[in-house]
Amino acid sequence: MNDVILKAENIHYSYDSDKEALKGVSLDIHEKERLVILGANGSGKSTFFLNINGVLKPESGEVYYKDKLIDKSSIKELRKNVGIVFQDADNQIIASSVRAEVSFGPMNLGLSKEEVKKRVDDALNYMNIHHLIDRPPHYLSGGEKKRVSIADIIAMDSKIIIFDEPTASLDPKNVAIFEEALDKMSSDGKTLVISTHDIEFAYRFADRIVVFCDGNIIADGKPVDVLSDSKVLKMANLKKPILLDVFDILAQNSIVKEDCVPVRSVEEFRDLIISQAKA
Amino acid sequence: MKRKEKIFMSLAILFAFSFALPFNGNAMHIMEGYLPVGYCVAWGLISLPFLIAGYLSIKKTVSKDRRTITLIAMSGAFVFVLSSLKIPSVTGSCSHMTGTGLAAILFGPSAVSILGIIVLIFQAILLAHGGLTTLGANTFSMAIAGPFVSFAVYKICKKAKVSDNISIFLAAFLGDLLTYVVTSFQLALAYPMKEGGVMASAGKFLLVFAPTQVPLAIIEGLLTVVIIIGLRTYAQSELKEIGFLEGGAN
Amino acid sequence: MAHQHGGYYSIDLYAFHSKLKGINPEFKLISALVALILTITLNNIYVSAYAFITMFFVSVLLGGMDAKEYLSMFIAPFSFIVLASIGIALGLSFHESGDFNLKLGSLYIYTSKAQIVMTLKLVIKVFACVSIMQSLILSTMPYEIINALRNMRLPKLLVELMNLIYRFIFILIESYMNMQNSAASRLGYRNFKTSMTSFGNIASNILIVSLKKANAYYTAMEARCFDGDLNFLQDEKRLYGKNILAVFLFVLFMFFIWIVSLKLKFPFSV
């Protein structure tokens, strides 16, 4: 596994005095990993994201970026390196044209005008939406808005990109476009942290899965291990991915060998069945 | 004057009125081109001190807590949207609230002067209501005179222990009415009558606009009451938050 | 009719499609203001007609807007123009006066040929001025106008507020449309009384939604390193000599028409 890029240690946070939203969360995020975060609404995922981006200040506990403890003076550095793509693009987009919107982050970093211009062009090209550069946001479709909100973060060149329930309001076509973009970012060396309720996506995409429940982390490990743990699934109200379920049934009934590596995509499943049938 | 001419003249006036009434959307914005340049500048200058005061008050709020900037902007957007919505009407005509009475009660009159001029600019560039050269005059009637009266009426009624709903109604109703009176005077000053001068001319404009504006002011008053009741019922905690704007009543 | 936002229309879509959107926005704003001031000051029916016709040419032929849609834009100011014209054309008096009058009890409503001519001149001037403003807003995106104001040294806080308000307006309109549809689907506009309640409830809901969203926006801004100054990159549109020349000729011709109409004593020119 790669080096730890961000370390959260025993984070406590509450919005009001009677209910704690985070009850001592510790998590190491490794460089270039594809980390998926599962958990019910209100389990503390979004609060955690805001804590590790520096918008919220933990009541107690520490955040380290590349082994450096984050304090008041380094908070801007943290915000620069940990970008959040918010769940609802409409709550993130603040400018009145796509150009202005994507430039907002780089401008805040105090870059030169030429550099900002270059960053904006590159980020829009990256997301294949350069033709929208002069549009006001109210003349964009839902999928286009999502891509603009991702370009917002690409333009800041954040090392870690957090996606808060990115596919919640996207249609299947836009989900496919989004997953392609994720693969591209991943192969470009970005560290991706994604919260979702889409368990099939989590199983297919993640290197590692972390489960939040009631302000705590209740599971952290390889997708197959976490998603096979019936106790965890029950606590967090999650369902086993269909593919994994089918695989387990086949393995239990010795239709496939039990020592096979569980399949993670329909293609892998097909190859497995064909090879088993031949054998 | 011949009988025929008299009939023709009455018909012409009736026709013009019946033509104008169904479209009385935002009818009190003085359109581009109505005011001579001197009046445009003069109304701008008269509005300026109020705008500066409003600017300073908003600036103070924002520098105290930077977070309020999105809140203030949302309030401005709210006033714009409110004033662009078609309100229910008995006659089927298409009309709009000014929203300034409500805004004055919620946000206080000095902040409303700035929000008001921005809303007027957007009404000009997004809806083609009002105009750029008449911005000063419209700002004075809609963003300054109306809101200040609404706010004053509201405060006085509160002091006099008038019931809440009646205070709100009176504040919005009188604020709206004053906007219409001020606009009539603005037109009268630019177009005085040969005999009788400005006062006679103002009376004339008041009369002409009365059929659309007086019912509208009543509806504005009623709607403002309904809106504030809604806010009280559903949004106690949010209402506290807008108390941030200095001078706001809630 | 103009672009619909659910019974609500906004002009910026026209500007977005205008063929004149490439012209430097500050130049457009200043030209429009100069043209407005001249049309008002010269106060000459021929100058007004010239400006009106030229602006039609600018918006429809150069800007590429549909002529019918362009003319429909004049509906918005229509009611004010009619009512104000009645107010200006007619007089009230206790004794008979003017060329034409009607007796109403002890009052006389009167008008005169001179007053009617003056009103007509005014209406044409107003149409000219409205069309000048239209040619600006039909070819310039609102955010460009805001940015032009910034470059013209409008206080920063106002520019920031204007930028945010422009964005938020459309957010709130969307919420409004959803709520209105849901109210209508539950018969919320059955009669005048339910309409009043529905309208009031929706309006208060929009305010609540907007207050909640205001916080969400601020958080999202902070997450992108916002620390107090709202700065955006703006497209810089070059100012071309041919644009300056065109406006210069337009203004020159305005004066030319004015002088000729006075010298040759055209009817109604004073």
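On a predicted model such as this, the values are computed, not experimentally measured, just so you know.

A.B. asks: Got a minute to help me understand the overall build of chain C in this structure?
C.D. replies: Scanning chain C from N- to C-terminus turns up 10 helices and three strands. When the elements of chain C are put in sequence order from the N terminus, they spell out α-α-α-α-α-β-β-β-α-α-α-α-α. Taken over the C-alpha trace, chain C has a radius of gyration of 24 Å; the compact-globule value for 270 residues is 18 Å, which it surpasses by more than 25%. Each of the 270 residues in chain C was classed as buried or not, and the buried ones make up 59%. A sequence separation of at least 24 residues applies to 67% of the contacts in chain C between residues at least 6 apart. When the accessible surface of chain C is totalled, it reaches about 11,700 Å², and 68% of it is carbon and sulfur.

A.B. asks: Looking at this structure, I do not really get the domain arrangement of chain A. What am I missing?
C.D. replies: Residues and elements named next belong to chain A. When the domains of chain A are assigned, the result is domain 1 (4-239) and domain 2 (241-279). On a C-alpha basis, the centres of domain 1 and domain 2 stand 33 Å from each other. For the domain 1 and domain 2 pair, buried surface summed over both sides reaches about 760 Å², with 58% attributable to carbon and sulfur atoms. Of all residues in domain 1, Glu200, Tyr203 and Val224 bury the most surface against domain 2, accounting for 62% of the area lost on that side. On inspection of domain 1 and its partner domain 2, the count reaches zero salt bridges. Between domain 1 and domain 2 we count five residue pairs in polar contact (both at pLDDT 80 or more) in total.

A.B. asks: How do you make sense of the interface of chain B and chain C when you look at a structure like this?
C.D. replies: Interface size is often expressed as the accessible area that is lost when the parts come together. Each partner contributes residues to the interface: chain B has 87 residues there, and chain C has 90 residues. Summed over both sides, the interface of chain B with chain C buries roughly 8,000 Å², with 81% coming from carbon and sulfur. At the junction of chain B with chain C, the criterion picks out two salt bridges. Here B:Arg67 makes a salt bridge to C:Glu222, at a shortest N to O gap of 3.5 Å. Between chain B and chain C we count six residue pairs in polar contact (both at pLDDT 80 or more) in total.

A.B. asks: Sorry, what's going on with the packing of aromatic side chains here?
C.D. replies: A ring pair, where both rings are aromatic, is described by two values, the distance of the centres and the angle of the planes. Using the criterion set out here, one finds 24 aromatic pairs over all chains in the structure. Ring centres of A:Phe104 and C:Phe232 lie 5.7 Å apart, and the angle between their planes is 35°; this geometry places the pair in the tilted category. With A:Phe104 in helix H3 (residues 98-108) and C:Phe232 in the loop between helix H9 (192-223) and helix H10 (241-263), the pair connects residues from two separate chains. Relative accessible area serves as the criterion here: at 0%, A:Phe104 is assigned to the buried category. According to the relative accessible area criterion, C:Phe232 is buried, its value standing at 5%. For the pair C:Phe255 and C:Trp258, a centre-to-centre distance of 6.5 Å together with 70° between the ring planes defines the contact as edge-to-face.

A.B. asks: Before we go on, may I ask you to explain helix H3 (residues 68-84) of chain B in this structure?
C.D. replies: One full turn of an α-helix is made of 3.6 residues, so residues set three or four places apart face in the same direction. With 17 residues, H3(B) ought to run about 24 Å at 1.5 Å a step, and its terminal C-alpha atoms sit 24 Å apart, in line with that. With respect to burial, H3(B) is a largely interior element, 17 of its 17 residues being buried.

A.B. asks: How should the sheet that holds strand E1 (residues 91-93) of chain C be read in this particular structure?
C.D. replies: Sheet strands line up and pair through hydrogen bonds in the backbone, either parallel or antiparallel. All names here are of chain C. The sheet built from three strands is open, its strands ordered E1-E3-E2 with antiparallel pairing. Both outer strands of the open sheet, E1 and strand E2 (100-104), are each paired with one neighbouring strand and no more. In this sheet, neighbouring strand axes are inclined to one another by 25° on average, regardless of whether the strands run parallel or antiparallel. Summarising the sheet, E1 and strand E3 (residues 107-111) pair through three bridges and their orientation is antiparallel. Residue pairing in the sheet places Leu92 in a bridge with Ile109 of E3. This element, helix H6 (residues 113-137), spans E1, E2 and E3 of the sheet and lies at about 60° to E3.

A.B. asks: Would you take a moment to explain the packing of helix H2 (residues 25-42) of chain C against H10(C) for this structure?
C.D. replies: Packed helices, taken two at a time, are described by the angle between their axes plus the distance between the axes. Residue and element names in this part refer to chain C. Running from amino to carboxyl end, H2 crosses H10 at an angle of 0°, the nearest separation of the two axes being 11 Å. When the interaxial angle is binned, H2 and H10 end up roughly parallel. Contact residues: Phe27, Ser31, Val34, Ala35, Leu38, Thr39 and Leu42 in H2; Asn243, Ile244, Val247, Phe250, Val251, Met254, Phe255 and Trp258 in H10. Its residues assigned to classes, the contact of H2 with H10 shows 12 nonpolar, three polar and no charged.

A.B. asks: Is there a simple way to think about the pairing of strand E9 (residues 208-213) of chain A in this case?
C.D. replies: All names here are of chain A. Burial runs high along E9: six of the six residues are buried. Where strand E3 (residues 34-38) lies against E9, four bridges are found, and the strand directions are parallel. Its bridge partner lying in E9, Ile37 is registered against Val210. With five bridges joining them, E9 and strand E10 (residues 216-221) adopt antiparallel strand pairing. Within E10, the residue paired with Val210 across the bridge is Asp220. The antiparallel hairpin formed by E9 and E10 contains two residues in its connecting segment, where Asp214 sits at a positive phi of about 55°.

A.B. asks: What exactly am I supposed to notice about the interface of chain C and chain A here?
C.D. replies: The interface of chain C with chain A comprises 35 residues on the first partner and 39 residues on the second. Taking both sides of the interface into account, the surface hidden between chain C and chain A amounts to around 3,300 Å²; carbon and sulfur atoms contribute 60%. The largest share of the area that chain C buries against chain A comes from C:Arg167, C:Arg224 and C:Leu233, three residues that together contribute 28% of it. At the junction of chain C with chain A, the criterion picks out six salt bridges. Residue A:Glu101 pairs with C:Arg224 through a salt bridge whose shortest N-O separation is 2.6 Å. The interface formed by chain C and chain A holds 17 residue pairs in polar contact (both at pLDDT 80 or more) in total. Secondary-structure elements contributing two or more residues to the side of chain C that touches chain A are helix H1 (12-17), helix H8 (156-185) and H9 of chain C.

Criteria and cut-off values
- Residues numbered from 1 in each chain as written.
- Chains lettered and ligands numbered in written order.
- Predicted model: local features only at pLDDT ≥ 70, side-chain atom pairs only at ≥ 80, totals over all residues.
- Heavy atoms only, no water.
- Helix = DSSP H or I, 4+ residues; strand = E, 2+ residues; numbered from the N terminus.
- Rg over C-alpha atoms; globule rule 2.2 N^0.38 Å.
- Buried < 20%, exposed > 50% of the residue type's maximum accessible area, 1.4 Å probe, protein only.
- Contact = heavy atoms within 4.5 Å.
- Areas by Shrake-Rupley, 256 points an atom, 1.4 Å probe, with all protein chains shown as cover.
- Domains from an automatic or database assignment.
- Buried area = accessible area lost by both parts, 1.4 Å probe.
- Salt bridge = Lys/Arg side-chain N within 4 Å of Asp/Glu carboxyl O.
- Polar contact = N/O pair within 3.5 Å; in protein donor to acceptor, adjacent residues only side chain to side chain.
- Phe/Tyr/Trp six-rings, centres within 6.5 Å; stacked < 30°, edge-to-face > 60°.
- Expected span 1.5 Å × (residues − 1).
- Pairing = 2+ DSSP bridges.
- Axes fitted to C-alpha atoms, helices over the stretch in contact; angles between N-to-C directions.
- Parallel < 35°, antiparallel > 145°, perpendicular 65-115°, else oblique.
- Nonpolar A, V, L, I, M, F, W, Y, C, P; charged D, E, K, R; others polar.

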